[in-house]
Amino acid sequence: MCLLELLFRRGSWSDSILVADPPPSAGAFRERPSKPTNFRKLYESRDIPIQMEYDPRGNTIRWKVEFEKLDYHHYLPLFFEGLCETVAPYNFYASKGVHDMLDNGGPRILPVVPQLIIPIRNALNTRNHDVMCTTMKVLQHLVKSGDQVGEALVPYFRQILRVFSMFKNKNINTGDAIVYGQQRRENIGDLIQETLETFERYGGKDSFINIKYMVPTYQSCMTR
């Protein structure tokens, strides 16, 4: 008697099908809120040299210290940590502060890159749509901010690109929403594609193979 016939006669095959539990949900896209960051704590204690500046064209921040005198090893990782914030005004302060420092950091940014990896990874791992979009835009700015910064990021792709692979094809799928998202650059799938292409362009000769290892569906933008 074959094994299948024996199982059906005893009822164990059909019973196992009926009582089998479905596979557990991985919860890959579930948001993972972060705790209040050191950035928020230090801002509240007034240990960060910025303040809100109100402008009819849109609020901004004013720095109390010249960029040339800022300790980038201290403040740049701190502002990157603040990218996890979802509460106003801390999320605005962190994002605007990062972009300001990247605009004005020059050669001081490259040595700090290793200190930025954990804050970047933590921000992406929140799975929060707004946090991820903000972080993607910051990453694009980061690799363009100074010589060899893009290349310096390549060895850390395995730490930060896992979430890229998960969310690469995740976009808003309703007509008006997808157009609005595109206008504001808030479609996560589109931003991931833009960011990967920026990594490839600025990451040197080893960038593509390292991107491809973590995001197998990525196709080189350099051959188009």
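Residues numbered from 1 in each chain as written. Predicted model: local features only at pLDDT ≥ 70, side-chain atom pairs only at ≥ 80, totals over all residues. Heavy atoms only, no water.

Visitor: Please provide a residue-by-residue account of the pattern of salt bridges, values included.
Guide: A complete count under the given rule lists six salt bridges for this structure. Salt-bridge contacts for Arg 57 lead to Asp 55; the nearest nitrogen and oxygen are separated by 3.3 Å. Under the relative-accessibility criterion, Arg 57 is labelled exposed at 77%. You can call Asp 55 partly exposed: its relative accessible area is 26%. The residue Lys 96 makes a salt bridge to Asp 100 at a minimum N-O spacing of 2.7 Å. Placement of both Lys 96 and Asp 100 in helix α5 (residues 90–105) is noted, with a separation of four residues, approximately one turn of the helix. The exposure class of Lys 96 is partly exposed, given its relative accessible area of 25%. (Salt bridge = Lys/Arg side-chain N within 4 Å of Asp/Glu carboxyl O. Buried < 20%, exposed > 50% of the residue type's maximum accessible area, 1.4 Å probe, protein only. Helix = DSSP H or I, 4+ residues; strand = E, 2+ residues; numbered from the N terminus.)

Visitor: Describe in detail the environment of Ile 211, supporting the description with residues and values.
Guide: For Ile 211, the position within the fold is in helix α13 (residues 207–214). For the pair Ile 211 and Glu 197, spaced 14 residues apart in sequence, the C-alpha to C-alpha distance is 9.5 Å. Residues contacting Ile 211, with those up to four places away along its chain left out, are Phe 157, Leu 161, Leu 196, Phe 199, Glu 200 and Tyr 218. (Contact = heavy atoms within 4.5 Å.)

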